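# Fold and geometry: a report
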Amino acid sequence: MSEAIQINEQLPMVRHPHFLQAADALIPKLYRQIQSPEAVIDAVADEHVLFGWRAQPLCSVAELAQREFKSGDSVILDFGRHCVGYLQMLCHNAGSPPDAPAHLHLTFGETLSEVCEPFDEYQGWLSSSWLQQQDLWLDVLPAAVNLPRRYCCRYVRIEVKAVSRKFRLRFEAIQLHTVTSAPPHCPPCESTDAELQTIDKVSVLTLKNCMQEVFEDGPKRDRRLWLGDLRLQALVNDVTFAQHDLVRRCLYLFAGHTRQDGMVSANVFVKPQVIADDTFLFDYALFFIDVLYNYLQSTEDVATARELWPVARRQITLAFARVDDNGLVRDSGDWWAFIDWQESLNKQAAAQGVFIYCLQRALWLAERFEPELTADYRLHIQRLKTAAQQQLWDAKQGYFVSGAERQVSWASQIWLVLAEVGSAQQREAVMRKLLGQPPAIAMNTPYLRHHFIAALLQCGLRAEAIAGIKAYWGAMVNSGADTFWEVFDPKHPEFSPYGSKLINSYCHAWSCTPAWFIRLYGL
Ligand code: RAM
C-alpha cells in the first residue's frame, strides 16, 4: 500500500514567521469537564452486532469500588459516550502489605472491539503505536494515577497483569477529565425530523471532540490538522460553535510552513513546533482556497483574507503545472490526490472537478483582492470545463469517465457535478443515474459521501439528499455510533483502508457534516 504514503525527506521547506506568530496568538482555550463511568460491563461476542461485540451490564460503578482484583482479573468501564481526555483513578491495596509493584495494563476503545480484540494480532499498514494502551507499574500503594497521555474512548479496560499473591487491588474515583476547544454552548438544531435531530446531535459531538488546539482529523488518529478535514469542519463550525478564530489559526498554520515553491502541505503538526508534513496532495492544497473563501464569507474578516490571498493564489499557479495541453489534469499512479480511500479509484476526473471548483472560489477572492486576475481566471475555468465536457463526458453511458481506462466512478460524477460541468439538466440526470444505476467503483468514506450529498442538494434533489443522510449516517447511529466514524461500509463492517478496523478512527472530522446540511438547508 505504498501508494498511500509519501516520503519526501529532503524537500526544502520554508517558514513564514509572521504567519506562525499569528497562528500562535490564536491558540484556543480548552474547556474541561469531568466524566465518570456510567456502567461496568461485560463484552459478549455477537455476530449480529456490527463490529461483533455487545455490551452486557455487569455491576454498578459503586459496586466496582468494592471488588478486589488479583493477577489476571480485568474489567471494562463504559463512560456512556465518546470522550477525549485524561484518565485519573485511585488504586488501593487490600490484604497483606503490598510486597511487589502492581502491573496494570489499560486499553482504551472508541468501540468495544478495541478493548476486546488483541492488539498484538494487528496487521495494518499504519503504525500500531496508534492503538491506545498503557502499562503502569505502581511501586507504592495506594496510588493516585493521573495519566499524562490524552486518550479517546468510550470504553476502558483495566487489566491487572501482576500483583503478588499477598495482596489485591481496588479501583476508585475513576474519571476522565475531558478537553475540547468547543465552547459549552451550541445553538439547537431546528429540524422537526426526529431522526435528523439525532444525526445532528452525533455530528455535533463528533465536531466537538475533534476541536482541540487545532481542528484535529480524529482525536484518536491522526490527532492533527489535515486540510481536507479542516474544510468540512469549518463548515459545521459555522452553523454550530462558530469558533471562527480556530479556523483562522488553522489557515495561518498551513500558510506558516510551506514547500519552497509555496505549496501548502496536506497536514501540519503543531508540536514541538509547527511542522508541515512532507505529504502534498493536489486536492488538499487547492482546498486552502475554499477554506479561505468560506472563512471570509462567514466572518467578513477582510484583513486576514487579504493577507492570506497570495498563499491561496499560489496553489492555483502550482495546480496549473499539472494541466496538459488538452486542458485536463494529468493522471498518475502514485498518491497525488486524495478524493477517497480507494485503491482502484482513478482520480483524474474528480481532480479536474476539484480544480474547477477551487478556481471558481479563487475567482471570487480575486474579485475582491486582485481584480486584474479575474479575466484570466474566467478563461481558465471555461477551458477546464470545456475540456472535461469534451473529453471526459461519455454521452452513450451518461456518465463522466476518468483516466486512460475511461473508468466510471461515483467520485468522478460527484466532483464534476460540483464543478458545474455540463448543463444543469445533464448534472441532474447524472445524479439520478447514480441512484438508479450505481457504478462499481463506489464510495468508501463519509468524506466522499459528504460530496455526494452536497452534489444532490446542488442539483435540487432535496428528498434524495435527506434519504442519503438517513441511509448512511442514520445507519451508523442505529449501529450505536455516538460520534461518526472515519469509514463505514454497512455491507463490510470490517473494512479499513489501513488493513484493520482496530486502527480506524471512530470520531472523525470529515464525518461530521450532516449538521451542516441539516442546519444550512433547513432539512
Ligand atoms: C487520513 C486522515 C485524514 C485524511 C487523510 C487523507 O489518514 O485520517 O482524515 O484527511 O487520511
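How each quantity is defined
- Residues numbered from 1 in each chain as written.
- Predicted model: local features only at pLDDT ≥ 70, side-chain atom pairs only at ≥ 80, totals over all residues.
- Heavy atoms only, no water.
- Near = heavy atom within 4 Å.
- Polar contact = N/O pair within 3.5 Å; in protein donor to acceptor, adjacent residues only side chain to side chain.
- Areas by Shrake-Rupley, 256 points an atom, 1.4 Å probe, with all protein chains shown as cover.
- Core = buried A, V, L, I, M, F, W, Y, C linked by side-chain atoms within 4.5 Å.
- Buried < 20%, exposed > 50% of the residue type's maximum accessible area, 1.4 Å probe, protein only.
- Helix = DSSP H or I, 4+ residues; strand = E, 2+ residues; numbered from the N terminus.
- Domains from an automatic or database assignment.
- Buried area = accessible area lost by both parts, 1.4 Å probe.
- Salt bridge = Lys/Arg side-chain N within 4 Å of Asp/Glu carboxyl O.
- Nonpolar A, V, L, I, M, F, W, Y, C, P; charged D, E, K, R; others polar.
- Axes fitted to C-alpha atoms, helices over the stretch in contact; angles between N-to-C directions.
- Left-handed = near helix turned anticlockwise from the far one by under 90°.
- Contact = heavy atoms within 4.5 Å.
- Parallel < 35°, antiparallel > 145°, perpendicular 65-115°, else oblique.

What follows concerns the site of the ligand. Lining the immediate environment of the ligand, one finds Asp217, Arg221, Asp222, Trp226, Asp229, Tyr284, Phe338, Trp341, Glu486, Tyr498, His508 and Trp510. Side-chain polar atom of Asp217 to an oxygen atom of the ligand: 2.8 Å apart, as the coordinates give it. Taking Asp229, its side chain carries an N or O atom lying 2.5 Å from an oxygen atom of the ligand. With the chains in place, 97% of the 300 Å² that the ligand exposes on its own is no longer accessible.

Right, let's talk about the nonpolar core for a bit. Counting 148 residues, the largest nonpolar core has Tyr284 and Phe288 as its most contacted members. In terms of residue count, the dominant contributor to this core is helix 9 (residues 348-369) (14 residues). If you count residues domain by domain, this core takes at least three from each of domain 1 (13-29 + 182-520) and domain 2 (35-180). By size, the runner-up hydrophobic cluster in this structure holds 31 residues, among which are Phe79, Tyr151, Phe167 and Ile174.

Counting through the fold element by element, Ser60 comes out in the loop between strand 4 (53-59) and helix 2 (61-64). For the pair formed by Ser60 and Glu38, sequence separation is 22 residues and the distance between their alpha carbons is 8.0 Å.

Once that is clear, we can look at the domain arrangement of the protein chain. Taken domain by domain, the protein chain holds domain 1 (13-29 + 182-520) and domain 2 (35-180). Averaged C-alpha coordinates put domain 1 and domain 2 at centres separated by 37 Å. Surface buried jointly by domain 1 and domain 2 totals about 2700 Å² across both partners, of which 60% is contributed by carbon and sulfur atoms. Three residues, Lys220, Leu502 and Ile503, lead the burial of domain 1 against domain 2; their summed loss comes to 24% of the area buried on that side. At the boundary of domain 1 with domain 2, the tally comes to 4 salt bridges. The salt bridge involving Arg154 is made with Asp482; its shortest N-O contact spans 3.8 Å. Taken together, the links from domain 1 to domain 2 amount to 15 residue pairs in polar contact (both at pLDDT 80 or more). Among the residues making up the side of domain 1 that touches domain 2, the classes are represented as 14 nonpolar, 8 polar and 11 charged.

Right, let's get into the packing of helix 7 (residues 282-299) against helix 9. One way to put it is that helix 7 packs onto helix 9 with a least axis distance of 9 Å and a crossing angle of 35°. Taken as a pair, helix 7 and helix 9 cross one another with a handedness that is left-handed. On the side of helix 7, the interface is formed by Phe282, Asp283, Leu286, Phe287, Ile289, Asp290, Leu292, Tyr293 and Leu296, while helix 9 contributes Ala351, Val354, Phe355, Tyr357, Cys358, Arg361, Ala362, Trp364, Leu365, Arg368 and Phe369. A breakdown of the residues in the contact of helix 7 with helix 9 according to their chemical character gives 16 nonpolar, no polar and 4 charged.

Running from amino to carboxyl end, helix 1 (residues 17-24) crosses helix 6 (residues 244-256) at an angle of 155°, the nearest separation of the two axes being 8 Å. Taken together, the axes of helix 1 and helix 6 lie roughly antiparallel to each other. The hand of the helix 1/helix 6 crossing is left-handed. Contacts from Phe19, Leu20, Ala22, Ala23 and Asp24 of helix 1 reach helix 6 at Arg249, Tyr252, Leu253, Ala255 and Gly256. Residue classes in the contact of helix 1 with helix 6 are distributed as 7 nonpolar, 1 polar and 2 charged.

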